[in-house]
Amino acid sequence: MTLLRAFFCQIFGLLLTFGLAYWLPIFHHPIVFLFTQSGLAVGNAFLLRQPSWWLLIHLLFLPSVFVFFTLALPSWFYLMAVVILTLIFWGTVRGDVPLFLSSSEVAEAVAVLLKKENAQTFVDLGAGVGSVAIPIAKQLLAVQVEACERAPLPWVISAFRGRNLSNFTASRRNFFTADFSKYDVIFAFLSPRVMPEISEKLKGEMRAGTLFISSSFPSPNWQPESILHLNDRRKTVLFCYRI
Ligand SMILES: C[S@@+](CC[C@H](N)C(=O)[O-])C[C@H]1O[C@@H](n2cnc3c(N)ncnc32)[C@H](O)[C@@H]1O
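Residues numbered from 1 in each chain as written. Predicted model: local features only at pLDDT ≥ 70, side-chain atom pairs only at ≥ 80, totals over all residues. Heavy atoms only, no water.

It is worth spelling out the side chain of Lys 201 at this point. By the element assignment, Lys 201 lies in helix H8 (residues 195-205). Beyond its immediate sequence surroundings of up to four residues, Lys 201 is in contact with Phe 175, Phe 176, Ala 178 and Phe 180. (Helix = DSSP H or I, 4+ residues; strand = E, 2+ residues; numbered from the N terminus. Contact = heavy atoms within 4.5 Å.)

A few words now on the pairing of strand E3 (residues 168-172). Strand direction decides the pairing type here: strand E2 (residues 144-149) and E3, joined by five bridges, are parallel. Paired with Cys 148 across the strands is Ser 171, a residue of E3. (Pairing = 2+ DSSP bridges.)

For the protein chain, the domain assignment lists domain 1 (2-72) and domain 2 (104-242). The straight-line distance from the C-alpha centre of domain 1 to that of domain 2 is 37 Å. (Domains from an automatic or database assignment.)

Put simply, the largest pocket is a space of about 1,100 Å³. In terms of lining, the largest pocket is formed by 27 residues, of which the most central are Ile 57, Phe 61, Ala 81, Leu 85 and Phe 89. Those elements that provide at least two residues to the lining of the largest pocket are helix H1 (2-23), helix H3 (52-71) and helix H4 (75-88). Counting residues per element, the lining of the largest pocket draws most heavily on H3, at 10 residues. (1 Å grid on protein atoms, 1.4 Å probe; cavity = no way out; pocket = protein on both sides within 12 Å on 5 of 7 lines; lining within 4 Å. Points joined across faces, edges and corners; volume = space filled by probe spheres on them.)

Take a look at the structure:
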């Protein structure tokens, strides 16, 4: 459905731009044409409430096609690019959260919380390349750290980065199939779209007294125990929920 909507946004943007070009010669200019189409595609995506990262994809799609077309690169280059992007953004076309990386300040703040909690087990749901899980595993050797990631390339990278850490595991799976009762602290940096579903699973499965930390996105209908405002590049907010 997400992909179908994205396709519609692009095609409708293209048809509207052709319509404008038919009536107004200014739209014959390639740059004006390209940016009008991408602007309209972004507008369509906004109206159809596509997730925010799709707006960037729509903005860059046709201009990138044009640039790469003019570069006349060999066909294997495109195949490689598609393969690499697919391995990174595995489920994004189906609506999964894409890869964004947390800052080192987030990892540091989570490590402080783990120490306070005297936690023995920790998981990052959708761990990406291990930006949070690896520094924590390095710093807190007594904590069993798991990086749960579905996309193949980020999973391989985090497994490689943690290859010498005996308290670190990189598991390649969908976090919706994980058993949340195993962990003392669970961390996630996802998107508003998945928060309702993941929150219900967390409330149903986590043990009483354990902690869920959500970076940037609050859980709906759940009162956080505390909220931390970090002074990193993104001014990240950590929402902490006690089960
Ligand atoms: C915003 S990134 C966060 C990466 C990392 N936790 C960090 O803070 O730097 C979200 C990650 O979740 C992964 N992801 C999304 N849905 C998932 C799912 N259902 N199961 C496992 N991983 C998932 C994506 O592949 C992506 O790498």
